[in-house]
Amino acid sequence: MSDNPDTHDLNSDVLRLYSSSGHEFVLSRKMSYVSGTIKSMLSGDNSNFMEDQNNEIRFREISTPVLEKVIQYFYFKNKYTNSTTDLPEFPINEKVVVDLLLAAHFLDT
């Protein structure tokens, strides 16, 4: 990693989320703040969470398809918050509904 402060700032804005099978998703920290749980883990200058220091979070109980849908929701929520247009439907596969509800509850989303 470079010692360039600008590079460090860019890297600190990126968050890596890992599903239970180890699939890596890369997104901006801002997008992940839709989740109250993630925001609590990453916020504050004095955060002692390893996840904040490493810019990565591993979810041992969230499958790849569910985590992918959660991240899609993060982007959907960021895009349409304060929107004055009609919201499009957020599509959800019936096969993951229960797991998605559990993940949303855990993530405070």
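Look above for the structure.
Residues numbered from 1 in each chain as written. Predicted model: local features only at pLDDT ≥ 70, side-chain atom pairs only at ≥ 80, totals over all residues. Heavy atoms only, no water.

Engineer: Tell me about helix 5 (residues 64-80), residues and numbers included.
Structural biologist: Taking 1.5 Å per residue, 17 residues should reach 24 Å; helix 5 reaches 24 Å between its end C-alpha atoms and fits that length. If you check which residues of helix 5 are buried, you get Thr64, Val66, Leu67, Lys69, Val70, Ile71, Phe74 and Phe76. Tucked into the core, helix 5 has its buried residues touching strand 1 (14-18), strand 2 (24-28), helix 2 (29-32), helix 3 (36-42) and helix 6 (97-107). (Helix = DSSP H or I, 4+ residues; strand = E, 2+ residues; numbered from the N terminus. Expected span 1.5 Å × (residues − 1). Buried < 20%, exposed > 50% of the residue type's maximum accessible area, 1.4 Å probe, protein only. Contact = heavy atoms within 4.5 Å.)

Engineer: Break down the pattern of salt bridges for me, citing the residues and quoting the values.
Structural biologist: This model, assessed by the stated rule, comprises two salt bridges. With a closest N to O distance of 3.4 Å, Arg58 and Glu56 form a salt bridge. Arg58 gets classed as exposed once you look at its relative accessible area, which sits at 53%. According to the relative accessible area criterion, Glu56 is partly exposed, its value standing at 23%. (Salt bridge = Lys/Arg side-chain N within 4 Å of Asp/Glu carboxyl O.)

Engineer: Please provide a residue-by-residue account of helix 6, values included.
Structural biologist: Residues of helix 6 that are buried include every one of Leu100, Ala103 and Leu107, and no others. Taken around the axis of helix 6, the buried residues stretch over an arc of 65°, which confines them to a single face. Set apart from the buried face of helix 6 by more than 90 degrees, the exposed residues are Val98, Leu101, Leu102 and His105. The inward-facing, buried residues of helix 6 abut helix 3 and helix 5. Phi turns positive, to about 55°, at Asp108, one or two residues after helix 6. (Arc of directions from axis to C-beta.)

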